[in-house]
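Coordinate inspection notes
Here is how the chains run, residue by residue.
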Amino acid sequence: MACGEIVRDIAFQRCISPDCGRQYDLAQIQLQCEDCGQLLDVAYDWDRLEVPRSLSVFDGHNGSLQDPRIRSGVWRFHSLLPFAPLDHVVTIGEGHTLLQQASSVAGYVGLEAGELYLQYEGMNPSGSFKDNGMAAAFTHAARMGAKRAACASTGNTSASLAAFCSVTRQMKAIIFIGSGKISFGKLSQALDYGALTVQIKGDFDDAMRRVREVAGKLGIYLVNSVNPFRLEGQKTVMFRVLQSLNWEVPDWIVVPGGNLGNSSAFGKAFAELFALGLIQRIPRLAVINAQGANTLYQLYEQQGLRWNRGAPQPGEVDGYYNQLEATGQRATTIASAIEINQPVNFYKCLRALETCDGVVREVSDQEILDAKAQVGAGGLGCEPASAASVAGAKKLRGEGVIGAGDRVVCVLTGHLLKDPDATVAYHTDNKEMFERVLASRGVEHTNFANRAVVVPNDLDQIVGAIEKHA
Ligand code: F0G
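This structure is a prediction, so every number in the text was calculated from the model and none was measured.

Along its length, the protein chain carries 16 helices and 13 strands. Taken against the 2.2 N^0.38 rule, which gives 23 Å for 470 residues, the C-alpha radius of gyration of the protein chain at 22 Å falls within 12% of a compact globule. Its C-alpha atoms give the protein chain principal-axis dimensions of about 80 × 50 × 45 Å. Here the contacts in the protein chain between residues at least 6 apart in sequence split such that 69% fall between residues at least 24 apart. As displayed, the protein chain offers around 19,000 Å² of accessible surface, 48% of which is attributable to carbon and sulfur atoms.

Each strand in a sheet pairs with another by means of backbone hydrogen bonds, the pair being arranged parallel or else antiparallel. Strand order in this open sheet of 6 strands is β4-β5-β13-β10-β11-β12, and the pairing throughout is mixed. Two strands lie at the open edges of the sheet, namely β4 (98-101) and β12 (359-363), each paired on one side alone. Shown here is a sheet whose adjacent strand axes are inclined to one another by a mean of 25 degrees, direction ignored. Relative to strand β5 (residues 116-120), β4 runs antiparallel, the two being bridged by 4 bridges. In the sheet register, L99 faces β5, and the bridge partner there is Q119. With respect to the sheet, helix α8 (residues 261-275) is in contact with β10 (252-256), β11 (284-290) and β13 (408-412), its orientation differing from that of β10 by roughly 155 degrees. On the sheet, helix α11 (residues 346-355) packs against β11 and β12 and is oriented at approximately 140 degrees with respect to β11.

Our next topic: the environment of S56. Its location among the elements puts S56 in the loop between β3 (40-44) and α1 (68-71). The class for S56 is partly exposed, based on a relative accessible area of 39%. For the pair S56 and W247, spaced 191 residues apart in the sequence, the C-alpha separation amounts to 7.6 Å. A distance of 2.8 Å separates polar atoms of two side chains, one belonging to S56 and the other to S54.

Axis separation between helix α4 (residues 156-168) and helix α5 (residues 184-193) bottoms out at 8 Å; the angle between their running directions is 25 degrees. When the interaxial angle is binned, α4 and α5 end up roughly parallel. Read as a crossing pair, α4 and α5 show a hand that is left-handed. Contacts between α4 and α5 involve N156, A159, A162, A163 and S166 on the former and, on the latter, K186, Q189, A190 and Y193. Grouping the constituent residues of the contact of α4 with α5 by class yields 5 nonpolar, 3 polar and 1 charged.

Our focus in this paragraph is empty space enclosed by the protein. In the structure shown here, the tally under the stated rule is 5 cavities of 30 Å³ or more. Each pocket or cavity is described by its volume, and for the largest cavity that value is around 300 Å³. The wall of the largest cavity is formed by 28 residues, among which F129, K130, N259, A337 and I338 lie closest to the centre. Sorting the residues of the lining of the largest cavity by element identifies β6 (148-153), α4, α7 (228-244), β10 and α8 as the ones contributing at least two each. Here the lining of the largest cavity is built from residues that sort into 10 nonpolar, 14 polar and 4 charged. Estimates place the volume of the second largest cavity at around 60 Å³.

This paragraph deals with the nonpolar core. Nonpolar side chains in soluble globular proteins tend to end up buried together. Grouped together as the largest cluster of nonpolar side chains are 104 residues, with contacts concentrated most on F83 and L161. The leading source of residues in this core is α7, at 7 residues. Look past the residues within four positions of L161 in its chain and what remains in contact with it is M134, F138, A149, A150, C151, A173, I174, I175 and V223.

This part is about the layout of surface pockets. A probe matching the size of a water molecule, rolled over the atoms, marks out where space remains unfilled. One number sums up the size of the largest pocket: a volume of about 710 Å³. Mapped onto the lining of the largest pocket, the elements with two or more residues apiece are α6 (204-218), α10 (316-326) and α11. Considering every element that reaches the lining of the largest pocket, the biggest residue donor is α6, with 5 residues.

The subject of this paragraph is the sheet that holds β3. Spatial strand order, β2-β1-β3: 3 strands in an open sheet with antiparallel pairing. Two strands bound the open sheet, and with one partner strand each, they are β2 (23-24) and β3. The pairing of strand β1 (residues 11-15) with β3 spans 5 bridges and is antiparallel. By the bridge assignment for β3, C15 is matched with L40.

What follows concerns the site of the ligand. Not every one of the 20 residues close to the ligand is listed here, only the nearest: S153, G258, N259, L260 and T413. Note that a nitrogen atom of the ligand is positioned 2.9 Å from one of the side-chain N or O atoms of K130. Taking 480 Å² as the accessible area of the ligand by itself, protein coverage stands at 99%. Among the cavities detected, the one that contains the ligand is the largest cavity. Elements that contribute at least two residues to the shell around the ligand include exactly α4 and α8. Residue composition of the shell around the ligand, by class: 7 nonpolar, 11 polar and 2 charged.

Residues of α5 that are buried: G185, K186, L187, Q189 and A190. Downstream of α5 by a residue or two, G194 has a phi angle that is positive, lying close to 90 degrees.

Another aspect to go through is a nonpolar patch on the surface. Taken together, V453, V455, I462 and I466 make up a surface patch of nonpolar side chains, about 300 Å² in accessible area. Mapped onto the secondary structure, I462 falls in helix α16 (residues 459-469). Judged by relative accessible area, which is 32%, I462 ranks as partly exposed.

Mapped onto the elements of the fold, H78 is located in the loop between α1 and β4. Classification of H78 as buried rests on a relative accessible area of 15%. Other than its neighbours up to four places away in sequence, H78 contacts A84, P85, L86 and V89.

Rules used in this analysis
Residues numbered from 1 in each chain as written. Predicted model: local features only at pLDDT ≥ 70, side-chain atom pairs only at ≥ 80, totals over all residues. Heavy atoms only, no water. Helix = DSSP H or I, 4+ residues; strand = E, 2+ residues; numbered from the N terminus. Rg over C-alpha atoms; globule rule 2.2 N^0.38 Å. Contact = heavy atoms within 4.5 Å. Areas by Shrake-Rupley, 256 points an atom, 1.4 Å probe, with all protein chains shown as cover. Pairing = 2+ DSSP bridges. Axes fitted to C-alpha atoms, helices over the stretch in contact; angles between N-to-C directions. Buried < 20%, exposed > 50% of the residue type's maximum accessible area, 1.4 Å probe, protein only. Polar contact = N/O pair within 3.5 Å; in protein donor to acceptor, adjacent residues only side chain to side chain. Parallel < 35°, antiparallel > 145°, perpendicular 65-115°, else oblique. Left-handed = near helix turned anticlockwise from the far one by under 90°. Nonpolar A, V, L, I, M, F, W, Y, C, P; charged D, E, K, R; others polar. 1 Å grid on protein atoms, 1.4 Å probe; cavity = no way out; pocket = protein on both sides within 12 Å on 5 of 7 lines; lining within 4 Å. Points joined across faces, edges and corners; volume = space filled by probe spheres on them. Core = buried A, V, L, I, M, F, W, Y, C linked by side-chain atoms within 4.5 Å. Near = heavy atom within 4 Å. Sits in = over half its atoms within 2 Å of the grid points. Patch = residues over 30% accessible without salt bridge, like charges linked within 9 Å, V, L, I, M, F, W, Y side chains within 5 Å. Salt bridge = Lys/Arg side-chain N within 4 Å of Asp/Glu carboxyl O.

Here it is as structure tokens:
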């Protein structure tokens, strides 16, 4: 098909470069444009679709538990990601999450009580936001007749893929992980769910490169967020945020940035809702990198790289990646989920930052762990990467970029139990564990540690210790 030729379907894939815009059928499995190499979007001919006239239609679903619009917090919004018929979608019960008003954490961030909300994605079946995207990618994979699906992962994508495969029995999961780079909570999921787990010597960036090669060579369906269907599912995180706020748009969405799938999906969600007239304004987006994995921060904030309406400075990202390779710089952070130097969705994220008048910040491992302890003390807790959002919100508040009265939503991307080592190392007074897990990464203080009280096995002393501490 020639460049720019129209695929006359209500849903199709399209190159994100406005200069190219080449369209592809939904049934074509490819992860970048054949003409210009850019990423692809799932796009819709909204004029030919039944688009809700108001977002409140999503409040009215009721019916059988078999209806995917009831079973799934993703497919509840089917008409906003209508690339597959409703009776063909796959769900394992993802997306039943809650937005929590977190006033004690608001104080830590420097916001007025009541203005900080935590979108807790740990409630997903595999314990992270990935299930939103996986429901969509898996649906596409199943429609394509895929028998094997693969991903590279820092742990959550692999847990999610493995869960979808084991629950539905429709595909075999093949996951690529860097050796020693994945927390035990996540590794245990992949192993328990029966995924073929390929541990390669290297980190996530190495694993990502390899899985793309292998998927191409063996014709295996790839479910990393470079797959545009993944991002369709992840749009629904924002739909649920809006729904929880009674469809009022907050001032800020703050999200950790790793492979940059979430931030890209959120930008697309808001761009589409705005274009459809379903929201009247777009919130600002803050993407938070870990300091040891800060490509987006470096390129966006330090070097000023912009999407520039689809004409970013050519070659800058490749040049930066080449320089990282040449100098042997690897990503390193306690927030292993976002220990990524070469995010596959970089350009889509730049576009999202333009859509949402966005900012990017980096936070240290110390800031991440202190924020994580505050989140835990104020609610359901989260894994380290998720707390980058709260640490980033605090930083932006300190700078005055976020105002004291702004309404801020931080996305807590993963469950506390994903990485118990980081949590226990923070709270323990066991020096060996502190040194091995935290001090080795430059974390010096455990400002909000809740130490276990050590008592002899003696009733009087146990009673005494409790009376003293509580
Ligand atoms: N938070 C958690 C808990 C994650 O697992 C990830 C990504 C991110 C944040 C970053 O999200 O990639 O959309 O910017 N984890 C991937 C994985 C890379 O393999 O599980 P992103």
